[in-house]
Amino acid sequence: MKLLFAIALTAALGCAATLRAGEKTVVVELFTSQGCSSCPPADALMEKLIRKDHVIALSLHVDYWDYIGWKDRFASPDYTKRQKAYAHVSGRNMVYTPQMIVNGTDQVVGARAMELADLIVAHATEDRLAEVMVERDGNLLKIGLLPLGEGLDGTYLLQLVRYTKSRTIDITKGENAGRTMTYLHVVDGWETIGEWDGKTPLTVEAEIDGDRPAVILVQEHGPGPIVAAAALD
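Residues numbered from 1 in each chain as written. Predicted model: local features only at pLDDT ≥ 70, side-chain atom pairs only at ≥ 80, totals over all residues. Heavy atoms only, no water.

1. So, the overall build of the protein
Reasoning step 1: When helices and strands are tallied, the protein shows 4 helices and 11 strands.
Reasoning step 2: The C-alpha radius of gyration computed for the protein amounts to 17 Å, which stays within 12% of the reference 17 Å derived for 233 residues, consistent with globular compactness.
Reasoning step 3: Once the C-alpha set of the protein is aligned to its principal axes, its extents read approximately 50 × 35 × 35 Å.
Reasoning step 4: Each of the 233 residues in the protein was classed as buried or not, and the buried ones make up 48%. (Helix = DSSP H or I, 4+ residues; strand = E, 2+ residues; numbered from the N terminus. Rg over C-alpha atoms; globule rule 2.2 N^0.38 Å. Buried < 20%, exposed > 50% of the residue type's maximum accessible area, 1.4 Å probe, protein only.)

Here you go:
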């Protein structure tokens, strides 16, 4: 099964990697937990996802499994809240791990190879509705937003995400006791830095500290679709 997944995902992402210049970046949010025995296969997918220039892959550790014996060292109630908000918008009354949300709209349960690969390609080939440009000048991010056509209608949040590229931990209790796990693109900062009407070109500046990578997401309030994204390593 793992080999089949690797072949399918690599083939699909390889196809998307040859897309024409200007097509969409795809954001994959993985909701995971160190205390979840079914999460490691999904965590392992990050290694393949982060190699692709057109994919921004983020690991968000949730805290609602902490009670079963191991407190996730990377978890935040903010990421649990975000996952619950996605569930509310889609009409679901529960959350679970592992779950992947693709571009703010579609979900993948666990580590389903073909479903994830198909969604990545589908989102990458959609028409772009907006462009976000970002550059760093010391501790200052300069961000430009540009609508493409007239397809946007709503309120869009400009979000700044920070992550650590790799973190390793020895898990001594809970369902994954005895395992040494390395997690990639571990989110450790998420804030809303502005709003956008989706119609008027906009320039925003934001201060950041440290040398961790930064991601800018433009997402419809809700949370809804992510219409543009850019990353600085």
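Here the narrative resumes.
2. Things to note about the pattern of salt bridges
Reasoning step 1: Taken as a whole and assessed by the stated rule, the structure comprises 7 salt bridges.
Reasoning step 2: Note that Asp137 and Lys142 form a salt bridge whose closest N and O atoms lie 3.9 Å from each other. (Salt bridge = Lys/Arg side-chain N within 4 Å of Asp/Glu carboxyl O.)

3. Brief notes about unusual backbone geometry
Reasoning step 1: Thr97 connects to Pro98 through a cis peptide bond whose omega is -10°.
Reasoning step 2: Position of Pro98 relative to the elements: it lies in the loop between helix H3 (77–89) and strand E3 (99–102).
Reasoning step 3: Cis rather than trans, the peptide bond between Gly222 and Pro223 has omega equal to 0°.
Reasoning step 4: Looking at the secondary structure, you find Pro223 in the loop between strand E10 (214–220) and strand E11 (226–232).
Reasoning step 5: Here the phi dihedral of Asn103 falls at roughly 50°; this positive angle occurs in a residue that is not glycine.
Reasoning step 6: Within the secondary structure, Asn103 sits in the loop between E3 and strand E4 (106–109).

4. Quick look at the environment of Glu220
Reasoning step 1: Structurally, the position occupied by Glu220 is in strand E10.
Reasoning step 2: Using a relative accessible area of 26% as the deciding quantity, one classes Glu220 as partly exposed.
Reasoning step 3: The spacing of Glu220 and Thr155 is 65 residues in sequence and 5.9 Å in space, taken between C-alpha atoms.
Reasoning step 4: The contact partners of Glu220, leaving out residues within four places of it in the chain, are Asp153, Thr155, Tyr156 and Pro225. (Contact = heavy atoms within 4.5 Å.)

5. Considering the pairing of strand E7 (residues 156–171)
Reasoning step 1: Sheet topology note: the E7/strand E8 (residues 179–196) ladder contains 15 bridges and is antiparallel. From the neighbouring strand, Thr168 faces E8, where its bridge partner is Thr182.
Reasoning step 2: Examined bridge by bridge, E7 and E10 share 7 bridges and lie antiparallel to one another. When the bridges of E10 are listed, Leu157 appears paired with Gln219. (Pairing = 2+ DSSP bridges.)

6. Thoughts on the side chain of Thr97
Reasoning step 1: For Thr97, the location among the structural elements is in the loop between H3 and E3.
Reasoning step 2: Note on Thr97: relative accessible area 9%, which makes it buried.
Reasoning step 3: Reaching out from Thr97, the side chain makes a polar contact with the side chain of Trp65 at a distance of 2.7 Å.
Reasoning step 4: Once you skip the residues sitting within four places of it in the chain, Thr97 turns out to touch Phe31, Thr32, Ser33, Cys36, Ser38, Cys39, Val62, Tyr64 and Trp65. (Polar contact = N/O pair within 3.5 Å; in protein donor to acceptor, adjacent residues only side chain to side chain.)

7. Some thoughts on the sheet that holds strand E6 (residues 140–147)
Reasoning step 1: The strand order across the open sheet formed by 3 strands is E5-E6-E9, and the pairing between neighbours is antiparallel. Looking at strand neighbours, the two that pair on one side only are strand E5 (130–137) and strand E9 (202–207), the edges of this open sheet. Averaged over neighbouring strand pairs, the angle between their axes works out to 20° when direction is ignored.
Reasoning step 2: Pairing analysis gives 8 bridges linking E5 to E6, with the strands arranged antiparallel. Of the residues in E6, the one forming a bridge with Arg136 is Leu141. (Axes fitted to C-alpha atoms, helices over the stretch in contact; angles between N-to-C directions.)

8. Digging into empty space enclosed by the protein
Reasoning step 1: Within the structure shown, the criterion is met by 1 cavity of 30 Å³ or more.
Reasoning step 2: In this structure, the largest cavity occupies an estimated 30 Å³ of space.
Reasoning step 3: In terms of lining, the largest cavity is formed by Asp43, Met46, Ser59, Thr182, Tyr183 and Leu184.
Reasoning step 4: Per-element accounting of the lining of the largest cavity gives the leading share, 3 residues, to E8.
Reasoning step 5: Class assignment for the residues of the lining of the largest cavity results in 3 nonpolar, 2 polar and 1 charged. (1 Å grid on protein atoms, 1.4 Å probe; cavity = no way out; pocket = protein on both sides within 12 Å on 5 of 7 lines; lining within 4 Å. Points joined across faces, edges and corners; volume = space filled by probe spheres on them. Nonpolar A, V, L, I, M, F, W, Y, C, P; charged D, E, K, R; others polar.)

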